[in-house]
Amino acid sequence: RIIMINVSKLKKGIVLDHITQGHGYKVFEQLGLDKLDDVVVLMRNVDSKKMGKKDLIKIETDLKLDFDVLGLIDPGISVTYVSDGVPVKKLHLTLPETVTGILTCKNPRCITNVEKIDEITFRLVDPDKKQYACEYCDARTSL
Ligand code: ZN
């Protein structure tokens, strides 16, 4: 028996499109979508003219998304807000200038690795290489 789920028409919610193939589940987890009571659909290996294959997520709710997390995982993701079945707002992600509490410092002698410091802020120093510098020791971390 096949259960048909209509995922093509979203009345109200958010579509995360152009997710790099294979990253869909990571995005799903990082945004905590598994904890939502709302309808969330993760589609993997969807045909894409631009990308060959892509992943895609549809969320049937007004969720406040953490764009810093999204931008870090996959800056190529496009975010579309849907209302009454039509797209009302479209966002393109970029790498955030600073990120707090997401990255950890790779320098073993950094104070953040000696003491338990959770909320470390990293600032973007090289967008092409996706490099961030630790606020405490300035060591660079690539994504
Ligand atoms: Zn550091």
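Located above this text is the structure these notes cover.
All values derive from a computational prediction rather than experimental measurement.

Novice: Please explain the overall build of the chain as it appears in this structure.
Specialist: Helices and strands together make up the secondary structure of the chain, namely three helices and nine strands. Reading the secondary structure of the chain in the N-to-C direction produces β-α-β-β-α-β-β-β-α-β-β-β. In terms of overall dimensions, the chain has a C-alpha envelope of 55 × 30 × 30 Å along the principal axes. Split into buried and exposed, the 143 residues of the chain put 38% on the buried side. Taking the contacts inside the chain whose residues are at least 6 apart along the sequence as the reference set, 54% of them involve residues at least 24 apart.

Novice: Mind showing me how you'd approach the environment of Lys 64 here?
Specialist: Structurally, the position occupied by Lys 64 is in the loop between β3 (52-59) and α2 (67-73). For Lys 64, a relative accessible area of 81% gives the class exposed. C-alpha separation for the pair Lys 64 and Leu 31, spaced 33 residues apart in sequence, amounts to 9.7 Å.

Novice: I'm lost on the side chain of Asp 17 in this one. Help?
Specialist: The topology assignment puts Asp 17 in strand β1 (residues 13-20). For Asp 17, a relative accessible area of 14% gives the class buried. Polar side-chain contacts of Asp 17 include one of 2.9 Å to the side chain of Lys 54. Residues contacting Asp 17, with those up to four places away along its chain left out, are Lys 54, Asp 55, Leu 56, Gly 76, Ile 77 and Ser 78.

Novice: Would you mind showing me how to read the sheet that holds strand β9 (residues 140-142) here?
Specialist: Reading across from one edge, β6-β7-β8-β9 is the order of the four strands in this open sheet, with antiparallel pairing throughout. Each end of this open sheet is capped by a strand with a single partner; those strands are β6 (98-100) and β9. Averaged over neighbouring strand pairs, the angle between their axes works out to 35° when direction is ignored. Pairing geometry for strand β8 (residues 131-134) and β9, over three bridges, is antiparallel. If you follow Tyr 132 over to β9, its bridge partner there is Thr 141.

Novice: Explain the pairing of strand β7 (residues 121-126) to me, please; I cannot follow it from the model alone.
Specialist: The two faces of the sheet receive side chains in turn, since in a regular strand these alternate between them. In this structure, β6 lies alongside β7, joined through three bridges in antiparallel fashion. Bridged to Thr 98 within β7 is Arg 123. Two elements, β7 and β8, share four bridges in a ladder whose sense is antiparallel. Each bridged residue has a counterpart across the sheet, and for Arg 123 the counterpart in β8 is Ala 133. Adjacent in sequence and paired antiparallel, β7 and β8 are bridged by four residues, among which Lys 130 carries a positive phi angle near 55°.

Thresholds, definitions, all that
Residues numbered from 1 in each chain as written. Predicted model: local features only at pLDDT ≥ 70, side-chain atom pairs only at ≥ 80, totals over all residues. Heavy atoms only, no water. Helix = DSSP H or I, 4+ residues; strand = E, 2+ residues; numbered from the N terminus. Buried < 20%, exposed > 50% of the residue type's maximum accessible area, 1.4 Å probe, protein only. Contact = heavy atoms within 4.5 Å. Polar contact = N/O pair within 3.5 Å; in protein donor to acceptor, adjacent residues only side chain to side chain. Pairing = 2+ DSSP bridges. Axes fitted to C-alpha atoms, helices over the stretch in contact; angles between N-to-C directions.

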